[in-house]
Each structure stands twice: as structure tokens, then as C-alpha cells.
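Spelled out, the chains give:
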Amino acid sequence: MSNFKLIGKTAIVTGGAGGLGLPMARAYAEAGANVVVTSRNAENIQKVADEINDKGQKAIAIPVDITSEDQLDELISRTVEAFGSVDVIVNNAGRWGKSQKAEDTPLDDWNHIVELNLTGCFLVCMAAGRQMIKQGGGKIINVSSVAGSKGNPNQLHYSAAKAGVLSLTNNLAMMWAKYNINVNCILPGLIATEELKGYNFIPPAVDKEGNPVPRLDLPPNPEDVANLALFLASPASDSITGELIPIRSWLKLDRFWQ
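Residues numbered from 1 in each chain as written. Predicted model: local features only at pLDDT ≥ 70, side-chain atom pairs only at ≥ 80, totals over all residues. Heavy atoms only, no water.

Trainee: Account for the layout of surface pockets, with residues named and values stated.
Mentor: Here the largest pocket is characterised by a volume of approximately 1,300 Å³. Surrounding the largest pocket, 48 residues form its lining, G94, R95, W96, Y158 and E195 being those nearest its centre. Those elements giving two or more residues to the lining of the largest pocket turn out to be helix 4 (107–135), helix 5 (146–150), helix 6 (156–176) and helix 7 (194–198). Its residues assigned to classes, the lining of the largest pocket comprises 21 nonpolar, 19 polar and eight charged. (1 Å grid on protein atoms, 1.4 Å probe; cavity = no way out; pocket = protein on both sides within 12 Å on 5 of 7 lines; lining within 4 Å. Points joined across faces, edges and corners; volume = space filled by probe spheres on them. Helix = DSSP H or I, 4+ residues; strand = E, 2+ residues; numbered from the N terminus. Nonpolar A, V, L, I, M, F, W, Y, C, P; charged D, E, K, R; others polar.)

See the structure below:
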């Protein structure tokens with residue numbers, strides 16, 4: 001469907017070589033977008049860009065620390081120089097912290113996790129937003145977490161930072177609507193990334209008797225998150241802004257405290 005195509009558009013994906021970012025970058029490229037893959041790891045993002053270019057699609061890799069205003073300004077200027085605009089940006093870069101009791105959370109850990117997950121998101125929004133205001137519109141997709149809406153035991157800093165991303169999304173959607181900038185937020189729950197599979201966090205797809213577990217009782221796959229990110233980037237979502245959209249199947253742990 002043409003409403004889900006991104007032909008002629010340019011999309012930036014932060015954390016673009018990670019478990020969620022890589023499928024997003026692939027989905028945008030397959031939809032026809034020019035893709036800018038970015039993270040702090042130059043080698044990893046170059047591999048993603050090479051993979052996309054080898055398929056006849058267009059991508060470049062730009063290493064960036066999202067907590068650096070200067071580097072983000074350079075990211076935007078290099079993107080505009082290469083492709084002419086910044087139509088979509090996905091604030092996907094982020095990381096959980098060390099698990100610990102709330103009362104044992106060190107200030108240094110708090111500051112680091114908040115800087116990476118909230119301040120970094122804010123700085124990316126500011127850099128991209130200024131360009132989108134100048135060009136007459138664009139789409140910002142923030143990636144928070146269900147930890148931001150319901151909390152996450154032993155991750156006080158991460159939960160608070162991701163909750164801040166929800167507020168940031170709501171405020172920017174309201175303040176930038178007049179500039180034709182859509183600002184929405186994806187809240188992933190437990191997602192079956194390769195990293196989490198390695199930690200044995202992902203339940204098996206069959207039960208003890210060997211019967212298949214219903215799909216909606218299993219965590220979503222990274223590609224499911226990418227599909228939502230593609231929708232929010234596409235013309236199909238032109239009238240959607242300020243929305244906080246969870247993706248979590250029907251996992252009780254992503255919905256309830258107990």
C-alpha cells in the first residue's frame with residue numbers, strides 16, 4: 001500500500017545496529033527511505049549501512065553520541081547534506097541500568113541512566129525538531145518502555161527516565177503540532193531480541209507437553225516493533241500525534257505489578 005511507503009523520505013535511526021534499531025533500519029530501507037544509521041559504534045552501524053546498500057537501497061552510517069549537542073547538530077547537517085531533509089527520526093538509543101534496590105541506587109548510576117535515556121532523547125528531539133520546523137514538518141518517534149508507564153522493580157533510574165520520555169512526547173506533540181511535526185512514542189515490553197534470548201528472559205515457544213504457545217502469549221519479535229515504527233513514519237499515520245503506544249502482546253508481567 002502506498003500509504004506505508006517512504007519513497008523519497010529520509011529516516012534517522014539512533015541505536016541503529018541494536019536489537020530493535022536494526023529491524024527498523026531495514027524496514028525503512030525496504031519501504032524506500034534513505035536511511036541514516038547511527039550509534040556510538042562506528043563499525044557496527046557501517047555493517048548495517050553496507051547491508052542496506054548491498055540490496056540496492058540507500059544508507060549511510062554516522063557515529064554519534066546522543067548526549068553531545070555538537071555531534072547531534074553535525075548528524076543533522078550531514079543528513080541534510082546527503083539527502084536534503086530529515087523526515088523521520090527514531091529515538092531508539094538507550095540502555096537499562098544495573099539492577100538494585102531503590103534505596104541503594106547511587107547518584108552516579110541515576111545521572112548516567114537519565115542522561116542516556118531521557119536527556120539524550122531530548123537533545124535528539126531538539127536537533128531534529130529545529131530542522132523539521134525549518135523544512136515544514138517531519139515525524140519524531142521516541143522509544144520508551146512499559147517500564148515508563150508501570151515501573152520496573154530494581155530499575156528505578158531507568159523507569160523514571162523512560163517515564164520522562166512519555167511526558168517529553170506529549171509536550172512536544174502539543175507544542176510542535178503547528179509546525180506539522182508528529183511526535184509519538186512506542187513503549188516496548190519484553191521483546192524477543194537476541195540479547196534477551198541470551199539472558200534466558202524469553203519463554204519458549206512450546207509448552208512442557210510440546211504444544212505451541214499461542215502467539216499472543218509470547219513476547220513480540222523485534223520485527224513487530226519495526227512494523228509499528230514503519231506505520232508511525234508513514235503517511236498512514238499523518239493524523240496521529242502525541243500517542244503512547246505499547247507493544248507487549250498479552251504478557252501479564254508487562255501489564256500488572258503482580
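Trainee: Run through the packing of aromatic side chains, naming residues and quoting values.
Mentor: Throughout the structure, instances matching the rule amount to one aromatic pair. With centroids separated by 6.2 Å and ring planes inclined at 35°, the aromatic side chains of F4 and F231 adopt a geometry described as tilted. Here F231 lies in helix 8 (residues 222–233) and F4 lies in the segment before strand 1 (10–14), a separation of 227 residues in the sequence. Looking at F4, the relative accessible area reads 31%, which means it is partly exposed. (Phe/Tyr/Trp six-rings, centres within 6.5 Å; stacked < 30°, edge-to-face > 60°. Buried < 20%, exposed > 50% of the residue type's maximum accessible area, 1.4 Å probe, protein only.)

Trainee: Account for the sheet that holds strand 7 (residues 244–247), with residues named and values stated.
Mentor: Taken together, the seven strands give an open sheet; going across it, the order is 3-2-1-4-5-6-7, and neighbouring strands pair in parallel fashion. This sheet does not close on itself; its edge strands, each paired only once, are strand 3 (59–61) and strand 7. Along the sheet, successive strands turn relative to each other by an average axial angle of 20°, direction set aside. Across four bridges, strand 4 (residues 88–91) lies against strand 5 (residues 138–143) in parallel orientation. Bridging from a neighbouring strand, V88 pairs with K139 of strand 5. Together, strand 1, strand 2 (34–38), strand 4 and strand 5 form the strand contacts of helix 1 (residues 21–30), whose direction differs from that of strand 1 by roughly 175°. (Pairing = 2+ DSSP bridges. Axes fitted to C-alpha atoms, helices over the stretch in contact; angles between N-to-C directions. Contact = heavy atoms within 4.5 Å.)

Trainee: How would you sum up the pattern of salt bridges? Please name residues and give values.
Mentor: Overall, the coordinates contain eight salt bridges when judged by the stated rule. With a closest N to O distance of 3.6 Å, D73 and R130 form a salt bridge. One end of the pair, D73, is in helix 3 (residues 69–83); the other, R130, is in helix 4, with 57 residues separating them in the sequence. The partly exposed category is assigned to D73, whose relative accessible area is 39%. Each of R26, E51 and K55 takes part in one network of salt bridges that share partners. (Salt bridge = Lys/Arg side-chain N within 4 Å of Asp/Glu carboxyl O.)

Take it as geometry only, folks, not as evidence of what the structure does.
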